[in-house]
Every structure is written in structure tokens, then in C-alpha cells.
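Understanding the architecture of this molecule
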Amino acid sequence: MPTSRVQQLTKRGLISPPKYVPGSVQYEVIMGSEAYGVSSGDSDRDVYGFCVPPKSVVFPHTAGEILGFGRQKKRFEQYQQHHVKDPEGLGGKGVEYDFAIYNIVKYFQLVMENNPNMIDSLFVPQRCVLYATKIGQMVREARRTFLHKGSWYKLKGYSYSQMKKMFNKNPEQGSKRYEDVQRHGYSTKFAYHVVRLMDQAEEILTEHNLTLDRNREQLKSIRRGEWSAEQIKQYFERKESELETVYSNSTLRHGPDEDAVKQLLLRCLEQYYGSLTAADIEQPGVELQVLREIAASLQKVERRL
């Protein structure tokens, strides 16, 4: 039976997450350059995902806790561990992992906000999915539910910040970035992110979808230093102007559909915990769903008459 990378490395004593995390991971993916199709084949792996913690963590009232009263317990939001070296990875060549595994509730919140790093994790190419349970597949298959026009501002802001970093002339000596800046006069890594983020914003606004590696050849050429710093800057400025118009004309929803996302979250939690009736959770949009079912039934009756 397949197991998550977190579970595998925990059993081998290479990582030490909270005890309930390894067995509750539902989704794990490889992020970064490999997901964008520009990996140079190095041994670094950024692994993102989510787990479902104990019910008392998600619904503290079921354990008798009253929020805002008495000593408040620290909530589990994420497990992170960096520079985890696995000498057996990549067929014995060795691999170094950076892990970020989120509480499913925190994960949903960040993705719903269209956080640039987090939204990418649901749209990685299938080859980058390391592990997915039925719950993980449910969320991945519903990934477009999380998209909205607010992503434009998030992605544009992040792209602008990458452009500022791109011109940093004082990276740590001896680092890959230092060598990159010495060779090209700017950081090609930050430069390709500038272009990538603007392209992603365009696809979300126009196609209501996200394909992380669709422009991989363009991004590879930037990584090779084939674009000048001025070309990167001009690309950003041109895209920013064009996408303001695209934003105004886009038919994508303006903000997140919280009811739809919450329904998906509750289905995931019910799949994991079983019935949530005892938790006394109010289901969003229940009345509307009932009306839709009644309308559908009436339509069937009318067709028979």
C-alpha cells in the first residue's frame, strides 16, 4: 500500500513530525522548479501537502474547549522541516527535502486566498504528485473552485517583489545566486519568477485554469540568461498594463466562493472522521440545495405529464 514521503522518512528516523501527522497526510506534491518544468536536475525537493489532524484540533468544542475562555491551546497549523537529507533518494544519489505539511483547514484557507505558493500546489503536473488519498484526489479534482480574480493582485504583488530581489547585487558570496549575478548581472532565478507569475495571472483570468509548466521553454531561456534585465522589466510593465484590462473583462468570480469551499472541506472531514452530526456543524447553503432538489424533482414530474 502506498505511503506518503513523510511517513516513509519518519519510519526511517530522518524526520520528526508531530506523532499524528505521518498517518494523516492526504496530499503531497513536489513544488518549485520541477513543477514549473525548469529543473536543472539538482537534488533539492520542496514538498508541500496537507494532513487531517485529530477532530479535537479542528473542532475544539467537541473536547469541551470554549474559544476565548481560559488558557487557550496552541493550534497545529503546519509541520515544517528543512534540509532533510535522504542518502537513498534518487536511486542512491541522495536528495534533500524541505517539508511543509499543513493542517487541512489552514491549507484550504491559504489556497482560498490564492496565496501564490499554495495555489500552485493544487495545480502541479500529475508527475509531481507524490501521494494522494481519496481526500487528496477530491481536493485536487475541485481545484478550480478555489480560483478567483483576487489572484491577480496577489500574483502581481509577488511578481513585483521578485523583480526587486532580482536586482540585489549583494547575494552571499559563494552561493549559486552570487555566481548567477556575477555571470549575468542579475538573478535569473528571480527573473524567471517575475515572468512566470505574470503568465499565471493571465491564464487564471482568461482560462480560469492554471498550467504550471506550459511556458517552460520560455522560463528555461530566462534561466540560461538569454533575456536582459531590461527585457524582464519591460515584460512585467507590459503585462501589468494588459492584465488590468483583462481583469476588468474577466468572467471569473471576483472573490472566493466560501460556501463551495467550505462544503468541500466538510466533505473531506466527513470522509476522514465519519459523520459530523455530533460536532453540530452548520452546513452552508443547505436551504438552497434543498430548493434545487425540489425544483429538479418538479421538472421530472412535468416531463412525465
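The present account deals with the structure reproduced in this document. Please read these numbers as outputs of a predicted model, since none were measured by experiment.

1. Examining the side chain of Asn 209
- Structurally, the position occupied by Asn 209 is in the loop between helix 10 (188-207) and helix 11 (216-223).
- Sequence-distant contacts of Asn 209, defined by excluding residues within four places in its chain, comprise Phe 123, Arg 144, Leu 147, Glu 203 and Ile 204.

2. Considerations on the side chain of Arg 45
- Summarising the element assignment, Arg 45 is placed in strand 2 (residues 44-51).
- A distance of 3.1 Å separates polar atoms of two side chains, one belonging to Arg 45 and the other to Glu 34.
- Residue contacts for Arg 45: discarding those within four places in its chain leaves Ile 30, Glu 34, Leu 90, Val 95, Glu 96, Tyr 97 and Asp 98.

3. So, the environment of Lys 220
- The residue Lys 220 is located in helix 11 in this model.
- The spacing of Lys 220 and Asn 117 is 103 residues in sequence and 20 Å in space, taken between C-alpha atoms.
- In contact with Lys 220, not counting residues within four places along its chain, are Gly 37 and Val 38.

4. Description of the sheet that holds strand 5 (residues 129-132)
- Spatial strand order, 3-4-2-1-5: five strands in an open sheet with mixed pairing. Strands with a single pairing partner mark the edges of an open sheet, and in this sheet they are strand 3 (78-86) and strand 5. Pairwise comparison of adjacent strand axes, ignoring direction, gives a mean angle of 15° for this sheet.

5. A few points about helix 7 (residues 134-141)
- Listed in full, the buried residues belonging to helix 7 are Ile 135, Gly 136, Val 139 and Arg 140. Seen end-on, helix 7 carries its buried residues on one side only, within an arc spanning 135°. Of the exposed residues in helix 7, those oriented more than 90 degrees away from the buried face are Lys 134 and Glu 141.
- Buried residues in helix 7 make contact with strand 1 (25-30), strand 2, helix 5 (104-112), helix 6 (116-122), strand 5 and helix 13 (258-273).

6. Description of the nonpolar core
- Among the nonpolar cores identified, the biggest contains 67 residues, and Ile 104, Tyr 107, Phe 108, Val 124, Phe 146 and Leu 269 are the most heavily contacted of them.
- For this core, the element with the most residues is helix 10, which contributes 10 residues.
- Apart from the residues within four sequence positions on either side, Leu 269 is in contact with Val 52, Val 58, Phe 59, Ile 104, Gly 274 and Leu 276.

7. A short note on the packing of helix 8 (residues 151-166) against helix 10
- Look at helix 8 against helix 10: their axes get within 8 Å of each other, and the N-to-C directions meet at 170°. Considered as vectors, helix 8 and helix 10 are oriented roughly antiparallel to each other. The handedness of the crossing between helix 8 and helix 10 comes out as left-handed. Across the interface between the two elements, Ser 151, Trp 152, Leu 155, Lys 156, Tyr 158, Ser 159, Gln 162, Met 163, Lys 165 and Met 166 from helix 8 touch Phe 190, Ala 191, His 193, Val 194, Leu 197, Met 198, Gln 200, Ala 201, Ile 204 and Leu 205 from helix 10.
- Along the lines of polarity and charge, the residues of the contact of helix 8 with helix 10 split into 13 nonpolar, five polar and two charged.

8. Section: helix 11
- For helix 11, the full list of buried residues reads Leu 219, Ser 221 and Ile 222. Seen end-on, helix 11 carries its buried residues on one side only, within an arc spanning 155°.
- Elements that come into contact with the buried residues of helix 11 comprise helix 2 (33-36), helix 10 and helix 12 (229-249).
- After helix 11 finishes, the residue Gly 225 shows a positive phi value of roughly 85°.

9. A closer look at the pattern of salt bridges
- Scanning the model with the defined rule gives 16 salt bridges in all.
- The salt bridge involving Arg 238 is made with Glu 242; its shortest N-O contact spans 3.4 Å. Of this pair, Arg 238 and Glu 242 both sit in helix 12, four residues apart, which is roughly one turn of that helix.
- Judged by its relative accessible area of 34%, Glu 242 is partly exposed.
- Several salt bridges share partner residues, and in doing so they unite Glu 202, Arg 238, Lys 239 and Glu 242 into one network.

10. A short note on the packing of helix 10 against helix 11
- Orientation of helix 10 relative to helix 11, taken along the N-to-C sense of each, is 155°, at an axis distance of 8 Å. As summarised for this structure, helix 10 and helix 11 are arranged roughly antiparallel, according to the angle between their axes. As helix 10 packs across helix 11, the resulting crossing turns out to be right-handed. Only Gln 218, Leu 219, Ile 222 and Arg 223 of helix 11 make contact with helix 10, whose side of the interface consists of Thr 188, Lys 189, Ala 191, Tyr 192, Val 195, Arg 196 and Asp 199.
- Its residues assigned to classes, the contact of helix 10 with helix 11 comprises five nonpolar, two polar and four charged.

What counts, and where the lines are drawn
- Residues numbered from 1 in each chain as written.
- Predicted model: local features only at pLDDT ≥ 70, side-chain atom pairs only at ≥ 80, totals over all residues.
- Heavy atoms only, no water.
- Helix = DSSP H or I, 4+ residues; strand = E, 2+ residues; numbered from the N terminus.
- Contact = heavy atoms within 4.5 Å.
- Polar contact = N/O pair within 3.5 Å; in protein donor to acceptor, adjacent residues only side chain to side chain.
- Pairing = 2+ DSSP bridges.
- Axes fitted to C-alpha atoms, helices over the stretch in contact; angles between N-to-C directions.
- Buried < 20%, exposed > 50% of the residue type's maximum accessible area, 1.4 Å probe, protein only.
- Arc of directions from axis to C-beta.
- Core = buried A, V, L, I, M, F, W, Y, C linked by side-chain atoms within 4.5 Å.
- Parallel < 35°, antiparallel > 145°, perpendicular 65-115°, else oblique.
- Left-handed = near helix turned anticlockwise from the far one by under 90°.
- Nonpolar A, V, L, I, M, F, W, Y, C, P; charged D, E, K, R; others polar.
- Salt bridge = Lys/Arg side-chain N within 4 Å of Asp/Glu carboxyl O.

Honestly, that's just the spatial picture; any functional story needs more than this.
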